[in-house]
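So the chains spell out like this:
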Amino acid sequence: MAIDLARVRAETPGLAHVLHLNNAGAALPPRPVTEAMIQHLRREAEIGGYEAAEEADATLEHCYDAIAQLLNCRREEIAFVENATRAWDMAFYGFRFQAGDRILTGKAEYASNYIAYLQVARRTGAVVEVIPDDAAGQVSVEALRGMLDARVKLIAITHVPTNNGLVNPAAAIGRVARAAGVPYLLDACQSAGHMPLDVDELGCDMLSATGRKYLRGPRGTGFLYVRRAMIERLEPPLLDLHAATLVAPDRYEIRPDARRFENWESYVAGKIGLAVAVDYALDWGLEAIRDRVYALAETLRARLATMPGVTVRDLGAERCGIVTFTKAGREPGAIRQALGAQSINVHVSAAGDTRLEVASRDQSGVVRASVHYYNTEEEVERLCGALARL
Ligand SMILES: Cc1ncc(COP(=O)(O)O)c(C=O)c1O
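None of the values given here were measured: they were computed from a predicted structure.

Peer 1: An account of the sheet that holds strand β12 (residues 322-327) is requested, with residue identities and associated values reported.
Peer 2: Here we have four strands laid out as an open sheet, ordered β11-β12-β15-β14, and antiparallel in their pairing. The two strands at the open ends of the sheet, each matched to only one other strand, are β11 (310-312) and β14 (347-350). With strand direction ignored, the average angle separating the axes of adjacent strands in the sheet is 40°. Two elements, β11 and β12, share three bridges in a ladder whose sense is antiparallel. Following the sheet pairing, Val 310 is matched in β12 by Lys 327.

Peer 1: Pulling in residues and values, what's your account of the nonpolar core?
Peer 2: If you look at the biggest cluster of nonpolar residues, it comprises 83 residues, and the most contacted ones within it are Leu 71, Ile 155, Tyr 184, Leu 207, Phe 223, Leu 300 and Leu 304. Sorting elements by how many residues they give to this core places helix α12 (residues 286-305) first, with eight residues. Not counting residues within four places of it along the chain, the set of residues in contact with Tyr 184 comprises Leu 154, Ile 155, Ile 157, Ala 170, Ile 173, Gly 174, Ala 177, Leu 202, Gly 203, Cys 204, Asp 205 and Met 206. Among the nonpolar cores identified, the runner-up in size contains 28 residues, and Met 90, Ile 103, Tyr 117 and Phe 261 belong to it.

Peer 1: Hey, could you go over the site of the ligand for me, with residue numbers and the actual values?
Peer 2: Close contacts around the ligand come from 13 residues, with Thr 85, Asp 187, Thr 210, Arg 212 and Lys 213 the closest. One nitrogen or oxygen atom from the side chain of Thr 85 is found 2.5 Å from an oxygen atom belonging to the ligand. Classifying every residue of the shell around the ligand by side-chain character gives four nonpolar, six polar and three charged.

Peer 1: Describe the packing of helix α5 (residues 84-92) against helix α6 (residues 111-124), listing the residues and the values that go with them.
Peer 2: At a closest axis distance of 10 Å, the pairing of α5 and α6 adopts a crossing angle of 30°. With respect to α6, the axis of α5 lies roughly parallel. As for how α5 packs across α6, the hand of that crossing is right-handed. Within the contact between the two elements, α5 uses Thr 85, Trp 88, Asp 89 and Phe 92 and α6 uses Ser 112, Asn 113, Ala 116, Tyr 117 and Val 120. Among the residues forming the contact of α5 with α6, the class breakdown is five nonpolar, three polar and one charged.

About the cut-offs
- Residues numbered from 1 in each chain as written.
- Predicted model: local features only at pLDDT ≥ 70, side-chain atom pairs only at ≥ 80, totals over all residues.
- Heavy atoms only, no water.
- Pairing = 2+ DSSP bridges.
- Helix = DSSP H or I, 4+ residues; strand = E, 2+ residues; numbered from the N terminus.
- Axes fitted to C-alpha atoms, helices over the stretch in contact; angles between N-to-C directions.
- Core = buried A, V, L, I, M, F, W, Y, C linked by side-chain atoms within 4.5 Å.
- Buried < 20%, exposed > 50% of the residue type's maximum accessible area, 1.4 Å probe, protein only.
- Contact = heavy atoms within 4.5 Å.
- Near = heavy atom within 4 Å.
- Polar contact = N/O pair within 3.5 Å; in protein donor to acceptor, adjacent residues only side chain to side chain.
- Nonpolar A, V, L, I, M, F, W, Y, C, P; charged D, E, K, R; others polar.
- Parallel < 35°, antiparallel > 145°, perpendicular 65-115°, else oblique.
- Left-handed = near helix turned anticlockwise from the far one by under 90°.

Rendered as structure tokens:
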């Protein structure tokens, strides 16, 4: 379905209040998402939390079907988790690394992931190695190929870095990982809801994502995909009576499906909101969403490139809805604040978010303006006008 901008905007109440270009932070939810959540919270207050969850069982179960459709996988390969970081952690910490094992990752890896690598490396003697970038600034598939040997136990890549408009060649990396028989963990936090994701095409064995960003779902929601063949090879780092069953006083059995990575108590209203958000994205179609977002971002980059003192910082052969830039003589934080005072929401990607990549570029921080399909060319123009007047 082509995106009906008038309908989308009418269904996004936040647009009446702000010019929202922080979609890579948290996008504005559409009305059906918010309403479904409020309706559930009301039922919790009226009849009790457990009873409301029972009443909503079909919708809660639908969440798995919706995500499975989004990723082209099976419902039993999905776990609902409270955010992308924890989803990623449940997969990563499920590996049993040993001294000398190699973990290969990219330069623009999200800091939380990188911290986890360092912790595991310190504990086990595994080593973390960074795959060099190619000439376009994205993970070099050729370099990855050259780094492979029998000691590589995991390839873990961020699909779309938090601080840059580039899209890493995730499917090409997946082909290399598959050919080598190495498990492949993809951080799709910024790409879910932003572009089509098909786990078979991507060739990943595990994929983590969040609800609140391009999917336009609620905060405090996320999910993990684990390929069927991989599920029982990963021992969840944390278990409870939902992930496992105590079958005897001295024995438990871990669930055979991906819900072994969940825990019992969860944000039920959020899960309902996430299901609605995924359906909403699927209704528009991920190709249509990607095409509009990419085109709008290119319009913004082209416009920024004409402005004196402004430098677009995005790298990569394929560029998405995240647009990063700096302005000479102005701190990114001051730009964000000045725009915020005019109800224009942008974000600052700080050095600590992707420490390695930023250090290699000698750049301390950038302004991040991330567009969504509900933004307009007029809004892009308004941002640039405000920026010019700073
Ligand atoms: C690339 C990437 N990975 C992971 C995360 C963490 O997501 P969450 O805050 O949902 O845990 C972010 C958040 O900005 C991100 O940009």
